[in-house]
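What follows is the residue order along each chain.
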Amino acid sequence: MERKATIAKLDQKMAQVIMETILDRGPGVKWDDIEGLKDVKQALMENIIYPQLRPELFTGLRSPTKGILLYGPPGNGKTLLAKAVATECRSTFFSISASALVSKYMGESEKLMKTLFTLAAIQSPSIIFIDEVDSMLTKRNAEENEATRRLKTEFLIQLDGVGSSNTRILVIAATNRPYDLDEAALRRLTKRIYIGLPDAEARAGLMRKLMKQVDSKLSTYEFDQVVQWTEGYSSADLNSLCKEAAMEPIREIPPSKIMELRSPSSVRKVQVGDFQKVLQFIRPSVSKGTIQEYHNWHKSCGGPV
Ligand code: ADP
């Protein structure tokens, strides 16, 4: 009854937008879909998953955090991690990009934010994932307009409310630009976790998984070479690289012959030369300078992982 009354009081238009576009009914990502990031997974188990599954063990001094910040270069699993956490915790998953919130719903974004937290409370336990959070939580500056300022304030109020109510809502914010974040927002995102570029082991694991989808004939030595050549590549870059390498044998087939091919096994296997070729134009999307900036920020403001 109480739940029905709360729903009736909501702004119906905003509630509909949230149910249709922000509520993700099946993120479906599993822990094992994420390569590498072992320490990060461990930190998320301790800080989110165990407390969500066994709330009675995590009270008082052991109370779980209400706000987590995932930061680091794009394309390394921040979104995937948030989705996997929602699957593992069996939580309702609301996912919104802050830049869409600012551009698409400007004027109404404050109302949308309020409704979002109310719906998340009704559907608790819930996870609210806010991607590109820097677009709404930038440090105060002269260009900041009134609407952005109000949206930021509303978000902070809602986040404080989460801390004081009995509902189980966790906010996971993600950003590629942590150094732009407002201090007040940072203070509330108490657990900050750096999601960096994949190391050699993670690159090997990801590429092995991707290349299983096509026939390839790389020796162990050649595969290890590709792993070394891709130092500095993000996981998303590796995805593009393997896709392009997998296309090379197809590109060799004259268009007139494509329709005549009898089965996928008639296509030649992917080989190391294909990787050498595509490595020339699929370059790392993140520069060394940018990685250094993350490390500097991590040292001063980041978390232990
Ligand atoms: P971010 O949110 O950090 O920008 P995403 O989580 O959206 O990056 O990752 C983009 C894509 O790259 C994913 O859809 C996935 O295909 C791939 N990817 C990124 N990180 C990983 C990872 N650790 N393991 C497996 N695939 C990954």
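The model shown is predicted, which means the values in this text are computed figures rather than measured ones.

Draft legend 1. Quick look at the pairing of strand β3 (residues 92–97). Bridge analysis of strand β1 (residues 23–24) against β3 gives 2 bridges, and the strand direction is antiparallel. Paired with Leu23 across the two strands is Phe94, which belongs to β3. Summarising the sheet, β3 and strand β4 (residues 126–131) pair through 6 bridges and their orientation is parallel. Across the sheet, Phe94 pairs through a bridge with Ile128, a residue of β4.

Draft legend 2. Structural detail: the site of the ligand. Near the ligand there are 15 residues, and of these Glu35, Gly75, Lys78, Thr79 and Asn239 occur at the shortest range. Separating an oxygen atom of the ligand from a backbone N or O atom of Gly75 is a distance of 2.8 Å. One of the backbone N or O atoms of Lys78 is found 3.0 Å from an oxygen atom in the ligand. At the level of elements, α4 (78–89) and α11 (235–251) are the ones that each hand at least two residues to the shell around the ligand.

Draft legend 3. View of the pattern of salt bridges. Enumeration over the complete set of coordinates arrives at 12 salt bridges. Measuring nitrogen to oxygen at the nearest pair gives 2.8 Å for the salt bridge that ties Asp160 to Arg188. One end of the pair, Asp160, is in helix α7 (residues 146–164); the other, Arg188, is in helix α8 (residues 183–188), with 28 residues separating them in the sequence. Note that Arg251 and Glu244 form a salt bridge whose closest N and O atoms lie 2.6 Å from each other.

Draft legend 4. Just the pairing of strand β5 (residues 169–175), in detail. β5 sits mainly inside the fold: 7 of its 7 residues count as buried. With 5 bridges joining them, strand β2 (residues 67–71) and β5 adopt parallel strand pairing. If you follow Leu70 over to β5, its bridge partner there is Ala174. Of the pairings in the sheet, the one linking β4 to β5 comprises 5 bridges and is parallel in character.

Draft legend 5. A look at helix α10 (residues 220–229). Residues of α10 that are buried: Phe223, Val226 and Val227. Projected down its long axis, α10 shows its buried positions confined to an angular sector of 100°, all on one face. When the buried face of α10 is taken as reference, the exposed residues oriented beyond 90 degrees from it are Tyr221 and Gln228. Buried positions along α10 lie against α9 (200–211) and α13 (272–279).

Draft legend 6. Quick look at the environment of Arg203. Note on placement: Arg203 falls in helix α9. Given a relative accessible area of 5%, Arg203 falls into the buried group. Counting along the chain gives 25 residues from Arg203 to Gln228, while the straight-line C-alpha distance between them is 9.0 Å. What Arg203 contacts, discounting residues up to four positions off in sequence, is Pro198, Val227, Gln228, Thr230, Glu231 and Leu238. At 2.8 Å, the side chain of Arg203 forms a polar contact with the backbone oxygen of Val227. Separated by 3.2 Å, the side chains of Arg203 and Thr230 make a polar contact.

Draft legend 7. Expanded view of the packing of α9 against α11. Packing of α9 against α11 leaves a shortest axis separation of 10 Å and a crossing angle of 35°. α9 and α11 meet at a crossing whose hand is right-handed. Here Arg203, Leu206, Met207, Leu210 and Met211 of α9 lie close against α11, whose contacting residues are Ser235, Leu238, Asn239 and Cys242. Residue composition of the contact of α9 with α11, by class: 6 nonpolar, 2 polar and 1 charged.

Draft legend 8. Structural view of the packing of aromatic side chains. The tally for this structure, following the rule as stated, stands at 6 aromatic pairs. Aromatic pair Tyr71 and Tyr194: ring centres 5.5 Å apart, planes at 45°, arrangement tilted. Here Tyr71, found in strand β2, pairs with Tyr194, found in strand β6 (residues 191–194); they are 123 residues apart in sequence, far enough to count as distant. What makes Tyr71 buried here is its relative accessible area of 0%. Taken together, a centroid distance of 6.3 Å and an interplanar angle of 65° make the contact between Phe117 and Phe155 edge-to-face. Of this pair, Phe117 sits in helix α6 (residues 109–122) while Phe155 sits in helix α7, placing them 38 residues apart in sequence. Accessibility expressed as a relative area gives 3% for Phe117, which makes it buried. Under the relative-accessibility criterion, Phe155 is labelled buried at 0%. Clustering of aromatic rings is evident, with ring pairs tying together Tyr71, Tyr179, Tyr194, Tyr294 and Trp297.

Draft legend 9. Region of interest: the confidence of the model for the protein. Mean pLDDT over the protein: 87, with 93% of residues reaching 70 or higher. By mean pLDDT, the top-scoring element of the protein is α10 (97), and the lowest-scoring one is helix α1 (residues 2–9) (68).

Calculation rules
Residues numbered from 1 in each chain as written. Predicted model: local features only at pLDDT ≥ 70, side-chain atom pairs only at ≥ 80, totals over all residues. Heavy atoms only, no water. Pairing = 2+ DSSP bridges. Helix = DSSP H or I, 4+ residues; strand = E, 2+ residues; numbered from the N terminus. Near = heavy atom within 4 Å. Polar contact = N/O pair within 3.5 Å; in protein donor to acceptor, adjacent residues only side chain to side chain. Salt bridge = Lys/Arg side-chain N within 4 Å of Asp/Glu carboxyl O. Buried < 20%, exposed > 50% of the residue type's maximum accessible area, 1.4 Å probe, protein only. Arc of directions from axis to C-beta. Contact = heavy atoms within 4.5 Å. Axes fitted to C-alpha atoms, helices over the stretch in contact; angles between N-to-C directions. Left-handed = near helix turned anticlockwise from the far one by under 90°. Nonpolar A, V, L, I, M, F, W, Y, C, P; charged D, E, K, R; others polar. Phe/Tyr/Trp six-rings, centres within 6.5 Å; stacked < 30°, edge-to-face > 60°. pLDDT = per-residue confidence, 0-100.

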